[in-house]
Amino acid sequence: MTEEPIAAPHAVLLPPAPPERAGYFNYFRAAYGHATVMMVRRMRVVMAAVICLLPVLIPLATAFLSRDRFAQEGAVQFRMLVEHAHITMLAPLLALFFGSMLIGEDIEARNIPYVLTRPIPRSAWVLGRFGAYLTVTGTILLLSIGLTFASSTSLARFGVSATNLGILAQYSAVAVLALLGNGAVAVFLGALTKRPIIFGVLVLYGWQQLAMKVPGVIDFFTIQKYTDAMLPALASERGMQTSPAARDALLEFTREVYAVGAAKACITLLLISAVFLGLTVLVVRARQFASARAIGA
Amino acid sequence: MNDTPDVTRDAPVVEVRGLSKWFGEVIAVNDLSFTIGRGVTGLLGPNGAGKSTFIKLALGLYRPSRGTLRVLGGAPRNNLDVLRRIAYCPETDHFYDNMTGFEYVYWLNRYWGMGKKDARAATESACELVRMADRMHDPIDEYSKGMRQRIKLAQCLGSRAELLFLDEPMAGLDPRGREEIFALIGRLGDEGYSVIVSSHILYEIERVTDNVVLMYNGSILARGRIHEIRDLIDEHPHTITVETPDPRALSLQLLHPGAMSVEFEEGKLTIRTRDPAACYEKLNDMVLENNGPAIKSIRCADDDLQSVFAYLVEK
């Protein structure tokens, strides 16, 4: 057998050759750009934006209907909306809408062989797509939080001040981290299962809500545990005050014993996200997506 | 096992040893052992023969259940050094939603590691090559079957990969489109590219290469020069169905020594022949020179090919 290297095929027929070894970031940008274009063209984005913008109307409606009665509740209402609507409900919803379909849709639509037969590092593809998910969903959620803040200023004792802007920034950061954590779990489910939406609902809503209500350490296995730990203290205190006495005492006890500080919660959430994204890369490498079984046919 | 791609001239592009692939209880590919050298190679077999499964194994989309497979000297699965040198045109008609042909090829070119400018230039060249330059900015949803086939081919031509896997690339193309693809594959072969092209129609393979691997029921039935296989097949009649507004006029023009029988239906002519090449030649001439009744489509009955393979198996 001769060891003579093969001459490159003549250059007259086909387009210029791609780079011999492109940088990792080049592949990441390709996956990011492609996924962003696909996501923003979907009707799903409009639907998600409409749902996410609903909380903006609540302070306006409150102000319009009964300005005096709710005069003191500008700050409280903003915090309640962001904690309960944006972070607890909408972030998992966006993760379900977009994260679970980030890879799941390519499997279902059988487009994944195009990607897997190209020399793109699987991690660059997963991370690029995840970056697109964070950009699109982050824009929607932060826009909604910003507008909710603006609409809450229509209520008394809540205005644009340095303190309130600080709170807005903190809530925005927690919302992005909620998208990150929930999204990483959702994208993993999308790569692993044939019905990512169903499994996503079970995990992000069913499991999380259940685990958060059970005393003990089980809530450590949720995303919400860590997003809650990063919320401004006032809101949590307010939440505690409205709870029944027995539950209050129980929660106090568990919080004392198993409380997580904001910094630790942030690091843990980042670690959880990294683990699930790593697992997603492993699943993409290991599964045989071109088979009928993988697509659920 | 060393997975570094082999770049020597004489090395086979595909090397298979005892390769099997099964899905549950279904055996898709059964104990294949062969090598494919450089140049254009036809993978011929009826539907369900295992051609697409073999191609997906060679692309690394499937893990072999047993045996080994090396493409350009390396195991293909998740091997970026191998994937950098191969390209794939799938048989199935799946595209990204809400995209034009240009965008589809452009983004897939970006996955080769190309920057924006290079990907754009490569996309334009590839679309030009498959004669889609004038429609490349139209949404894929508005494409005909033939145009979809061409744009799928374009996405694998932008890479300058030295080994191309084309799974049923002629499916859905009109006679003129087929001729163009035959010519393109021929040019690729002449330019030094290796092409593995699958089809269930012998004539299509015959037009692009003399080198063929015959698959049936997941196994290799025969491999070698096409005339040797043709000698086996020629004894068996071949059925061709042509859609035309004037079947009777067409039948007169298609008369040739190998013709055994013709059947007429509303807008359809079915001809059984022992000399399909002569029949296809006549059809091609009529289409290209526009000297006969209009031809809407030409179809080689797959069940007929099934029977040919069954016939060969019995032999």
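Because the structure is a prediction, the values reported are computed rather than measured.

Undergrad: Break down the confidence of the model for chain B for me, with residues and values.
TA: Residues with a pLDDT of 70 or more make up 90% of chain B, whose mean pLDDT is 85. Among the scores for the predicted complex, ipTM is 0.81 and pTM is 0.81.

Undergrad: Which residues make up the domain arrangement of chain B, and what are the values?
TA: Split into domains, chain B comes out as domain 1 (14–232) and domain 2 (235–314). Just the C-alpha atoms count here: the centres of domain 1 of chain B and domain 2 of chain B sit 27 Å apart.

Undergrad: Residue-level account of the nonpolar core, with values.
TA: If you look at the biggest cluster of nonpolar residues, it comprises 168 residues, and the most contacted ones within it are W125 of chain A together with V14, F54, V71 and F165 of chain B. It is helix 7 (residues 162–192) of chain A that contributes the most residues to this core, 16 residues altogether. With sequence-adjacent residues up to four places away left out, F54 of chain B is seen in contact with V14, V16, L19, V29, L32, F34, I36, L43, L69 and M215 of chain B.

Undergrad: Can you tell me about the side chain of R118 of chain A, naming the residues and giving the values?
TA: Note that R118 of chain A resides in the loop between helix 5 (112–116) and helix 6 (122–152). There is a polar contact of 3.2 Å between the side chain of R118 of chain A and the backbone oxygen of Y114 of chain A. A polar side-chain atom of R118 of chain A sits 2.7 Å from the main-chain carbonyl oxygen of Q155 of chain B.

Undergrad: Go over the pairing of strand 1 (residues 14–23) of chain B with me, naming the residues and quoting the values.
TA: Residues and elements named next belong to chain B. Pairing of strand 1 with strand 2 (residues 26–36) involves seven bridges; the strand directions are antiparallel. What sits directly across from W22, in strand 2, is I27. Connecting the antiparallel pair strand 1 and strand 2 is a turn made up of two residues, with G24 showing a positive phi of about 60°. As defined by bridge partners, strand 1 adjoins strand 4 (residues 66–71) across five bridges and the pair is classed as antiparallel. Each bridged residue has a counterpart across the sheet, and for R17 the counterpart in strand 4 is T68.

Undergrad: Which residues make up the packing of helix 6 (residues 175–190) of chain B against helix 10 (residues 276–289) of chain B, and what values do they have?
TA: All names here are of chain B. The interhelical angle for the contact between helix 6 and helix 10, taken along N-to-C directions, is 105°, at an axis separation of 9 Å. Judged on the interaxial angle alone, helix 10 and helix 6 are roughly perpendicular. Contacts between helix 6 and helix 10 pair P175, R176 and E179 from the former with N284, V287 and L288 from the latter. Looking at the contact of helix 6 with helix 10 residue by residue, the class counts come to three nonpolar, one polar and two charged.

Undergrad: Please provide a residue-by-residue account of the pattern of salt bridges, values included.
TA: According to the stated counting rule, one finds 19 salt bridges over all chains in the structure shown. A salt bridge links R41 of chain A to E103 of chain B; its shortest N-O distance comes to 2.6 Å. Linking R41 of chain A in the loop between helix 1 (24–40) and helix 2 (43–65) with E103 of chain B in helix 3 (residues 101–110), this pair reaches from one chain into another. Relative accessible area serves as the criterion here: at 35%, R41 of chain A is assigned to the partly exposed category. Among the residues examined, E103 of chain B registers a relative accessible area of 19% and is labelled buried. Note that D81 of chain B is salt-bridged to R84 of chain B, the shortest N-O span being 3.0 Å. Judged by relative accessible area, D81 of chain B falls into the partly exposed class, the value being 26%. Bridged by salt links that share partners, the residues R42, R44 and E105 of chain A together with D97 of chain B form one connected network.

Undergrad: Give a detailed account of the environment of R38 of chain B, specifying residues and quantitative values.
TA: Within the secondary structure layout, R38 of chain B lies in the loop between strand 2 and strand 3 (40–44). In sequence terms R38 of chain B and A11 of chain B are 27 residues apart; their C-alpha atoms lie 8.2 Å from each other.

Undergrad: An account of the sheet that holds strand 3 of chain B is requested, with residue identities and associated values reported.
TA: All names here are of chain B. If you trace the six strands from one edge of the open sheet to the other, you get 5-6-7-3-8-9, paired in mixed fashion. At either margin of the open sheet sits one strand with a lone partner, and together these are strand 5 (86–89) and strand 9 (219–225). Between one strand and the next, the sheet's axes are offset by a mean angle of 15°, whatever the strand orientation. Sheet topology places strand 6 (residues 163–167) next to strand 7 (residues 194–199); five bridges connect them, and they run parallel. Note that in strand 7 the partner of D167 across the bridge is S198. Its contacts with the sheet put helix 5 (residues 145–157) on strand 5 and strand 6, and the angle it makes with strand 5 is roughly 170°. Of the strands in this sheet, strand 3, strand 6 and strand 7 touch helix 6, which is tilted by about 150° from strand 7.

Undergrad: Run through the side chain of T244 of chain B, naming residues and quoting values.
TA: In this structure, T244 of chain B sits in the loop between strand 10 (238–243) and helix 9 (247–253). In this structure T244 of chain B comes out as buried when scored by relative accessible area, which is 1%.

Undergrad: Report on a nonpolar patch on the surface, specifying residues and quantitative values.
TA: On the surface, a cluster of nonpolar side chains totalling about 470 Å² of accessible area is made up of W207, L210, V214, I218 and F221 of chain A. Topologically, L210 of chain A is positioned in helix 8 (residues 196–213).

Undergrad: With reference to specific residues and values, describe the sheet that holds strand 11 (residues 259–265) of chain B.
TA: Residues and elements named next belong to chain B. Reading across from one edge, 11-12-10-13 is the order of the four strands in this open sheet, with antiparallel pairing throughout. Two strands close off the open sheet at either side, each with one partner strand: strand 11 and strand 13 (297–300). Pairs of neighbouring strands in the sheet enclose a mean axial angle of 20°, with direction left out of account. Relative to strand 12 (residues 268–273), strand 11 is paired through six bridges, and the arrangement is antiparallel. By the bridge assignment, E263 is partnered in strand 12 with T270.

About the thresholds
- Residues numbered from 1 in each chain as written.
- Chains lettered and ligands numbered in written order.
- Predicted model: local features only at pLDDT ≥ 70, side-chain atom pairs only at ≥ 80, totals over all residues.
- Heavy atoms only, no water.
- pLDDT = per-residue confidence, 0-100.
- Domains from an automatic or database assignment.
- Core = buried A, V, L, I, M, F, W, Y, C linked by side-chain atoms within 4.5 Å.
- Buried < 20%, exposed > 50% of the residue type's maximum accessible area, 1.4 Å probe, protein only.
- Helix = DSSP H or I, 4+ residues; strand = E, 2+ residues; numbered from the N terminus.
- Contact = heavy atoms within 4.5 Å.
- Polar contact = N/O pair within 3.5 Å; in protein donor to acceptor, adjacent residues only side chain to side chain.
- Pairing = 2+ DSSP bridges.
- Axes fitted to C-alpha atoms, helices over the stretch in contact; angles between N-to-C directions.
- Parallel < 35°, antiparallel > 145°, perpendicular 65-115°, else oblique.
- Nonpolar A, V, L, I, M, F, W, Y, C, P; charged D, E, K, R; others polar.
- Salt bridge = Lys/Arg side-chain N within 4 Å of Asp/Glu carboxyl O.
- Patch = residues over 30% accessible without salt bridge, like charges linked within 9 Å, V, L, I, M, F, W, Y side chains within 5 Å.
- Areas by Shrake-Rupley, 256 points an atom, 1.4 Å probe, with all protein chains shown as cover.

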